[in-house]
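Here are the chains, one letter per residue:
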Amino acid sequence: MKIPQVVIFLSIVLGVYTLVNLFLYYQTRPLFNLSSIGTWIKLLFWIVVIAYPLGRTLESLIGGQIPTLLVKLGSIWLAFMLYLTLLFLLFQILSPVANYMFHIDFKGNTHIRQISTGIVYIASILIIVAGYINAISPKIAELKIDTHKPLPNNKLTIVMASDIHLGTIIGKKDLGKLVQRINIQNPDLVLFAGDIFDEDIAPVVNGQMGKLFEEIKSKYGVYAVTGNHEFFRNYQAKIDYLNEHGVKVLCDTAIVAGDINIIGRYDRQSNFALGQNRKPLLELTKHIYKERFTVVLDHQPFNLNEAVESGADLQLSGHTHHGQMWPFNYITKAIYEVSMGYKKIKDTHFYVSPGYGTWGPRVRLGNRPEVVVIRIKQDKG
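What counts, and at which threshold
Residues numbered from 1 in each chain as written. Predicted model: local features only at pLDDT ≥ 70, side-chain atom pairs only at ≥ 80, totals over all residues. Heavy atoms only, no water. Buried < 20%, exposed > 50% of the residue type's maximum accessible area, 1.4 Å probe, protein only. Helix = DSSP H or I, 4+ residues; strand = E, 2+ residues; numbered from the N terminus. Pairing = 2+ DSSP bridges. Patch = residues over 30% accessible without salt bridge, like charges linked within 9 Å, V, L, I, M, F, W, Y side chains within 5 Å. Areas by Shrake-Rupley, 256 points an atom, 1.4 Å probe, with all protein chains shown as cover. Salt bridge = Lys/Arg side-chain N within 4 Å of Asp/Glu carboxyl O. Contact = heavy atoms within 4.5 Å. Axes fitted to C-alpha atoms, helices over the stretch in contact; angles between N-to-C directions. Core = buried A, V, L, I, M, F, W, Y, C linked by side-chain atoms within 4.5 Å. Phe/Tyr/Trp six-rings, centres within 6.5 Å; stacked < 30°, edge-to-face > 60°.

A. Broad picture of the pairing of strand E12 (residues 370–378). For E12, the buried fraction is high: 7 of the 9 residues fall into the buried class. Bridging between strand E2 (residues 155–161) and E12 involves 6 bridges; their strand directions are antiparallel. Its bridge partner being in E12, Lys155 is matched across the sheet by Lys377.

B. Local environment of a nonpolar patch on the surface. On the surface, a cluster of nonpolar side chains totalling about 600 Å² of accessible area is made up of Ile37, Trp40, Leu43, Leu44, Ile47 and Leu73. Of the residues forming the nonpolar patch, the biggest block, 4 residues, is contributed by helix H2 (residues 38–61). Structurally, Ile47 is set in helix H2.

C. Region of interest: the sheet that holds strand E5 (residues 248–249). If you walk across this open sheet you meet the 6 strands as E1-E12-E2-E3-E4-E5, and the pairing is mixed. Where the open sheet ends on each side, the last strands, each with one partner, are strand E1 (139–147) and E5. Alignment of strand E3 (residues 189–192) against strand E4 (residues 222–224), held across 3 bridges, turns out to be parallel. Looking at the pairing, Val190 lines up with Val222 of E4. Across the sheet, helix H5 (residues 172–183) lies against E2, E3 and E12, angled at about 145° from E3, the strand it touches most.

D. Molecular detail of the nonpolar core. The biggest cluster of nonpolar side chains holds 54 residues, and the ones touching the most others in it are Trp77, Leu166, Leu178, Phe192, Ile196 and Phe213. Of the residues forming this core, the biggest block, 10 residues, is contributed by helix H3 (residues 65–102). Non-local contacts of Ile196, meaning those with residues more than four positions away in its chain, are made with Ile164, His165, Leu166, Phe213, Ala224, Glu230 and Leu242.

E. Main features of the pairing of strand E10 (residues 341–345). When E10 meets strand E11 (residues 348–352), the two strands line up antiparallel, connected through 5 bridges. Its bridge partner lying in E11, Ile345 is registered against Thr348.

F. Geometry of the packing of aromatic side chains. Here the structure, examined in full by the defined rule, presents 13 aromatic pairs. Seen in terms of ring centroids, Tyr25 and Phe32 are 5.1 Å apart; in terms of plane orientation they differ by 40°. Their pairing is tilted. Summarising the aromatic geometry, the rings of Phe302 and Tyr336 are spaced 4.9 Å apart at their centres and angled 45° between planes, so their arrangement reads as tilted. Here Phe302 is found in the loop between strand E8 (294–297) and helix H11 (305–310), whereas its partner Tyr336 is found in the loop between helix H12 (328–335) and E10, with 34 residues between them in sequence. Owing to a relative accessible area of 10%, Tyr336 belongs among the buried residues under this scheme. Linked through ring pairs, Tyr25, Phe32, Phe45, Trp46, Trp77 and Phe80 together constitute an aromatic cluster.

Given below as structure tokens:
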């Protein structure tokens, strides 16, 4: 992003962050008045509020264990912010009803306010724990496609993952498990549909995670495209790192692997980061041999008609996380033609993955992380 855009974006984000936390502070005040532990609760509240922005700032300046701890703590608070806000708003709506029906004074009785506030926090904890367990339990999603176009040995197995978000929160252990899940599928091709990195590349380099990419077993190679997070900071270093460790990054590039066409597009964020528009898909596919099966990798699933018009057989995308945490899935469904899963438009197949990792909190509610296995079969009929 350009500097003015970054300033505007950060101002909006920090403004919303501040307003939400002021609302939560106001709602949590009954617990601050508890005689024995109220002061400690207030101190803890402000620690978790400042943890994420402070941790991200220190992470970019000095690195080390303290910023890492702050980021992990603060990221969990991001999830709490969502569900505490929803539950407190629900409380504001229901408390007058309860007062009218059962003569319970939720707002005037301090003791009742303390109990109800505690219940809201306990409910939020249970929600977050469930979301965390879900977030660390990826599934294998299978997609089967028939094609009249020739394939090596009349079939092809592609394993795709998107939105890993390697960094401070998603680390070496998680990547190792992903590599195991990929290799067990015995893939012909492995494709990464962007947002392999979270923000800073330093945790990935320091953790020597690149060696794990080298352990991926794929008959025709491992390929990737950039996502918007690759462009948040030092994008070229991220591309170089992947190339050095056996993952070929396709930047507005068309190649042939396993006798199929693979078109890898720059992410839309490149328009801002590089100061130039990415190439239209029709230009990227202009000189390819159209009788080959053609796969398009495009991180953000916008303008699906481009893939249809270019004659692509399959487009693989990610980015949406399908909202990651309910009820944000309703927003992504409103924004994207496909927020998650499969759709066919004319002769073009589309699959949008909710991703393998998470952004911010390690919490998912409403969808599970996944590794996608696409089994393509040549239909000789």
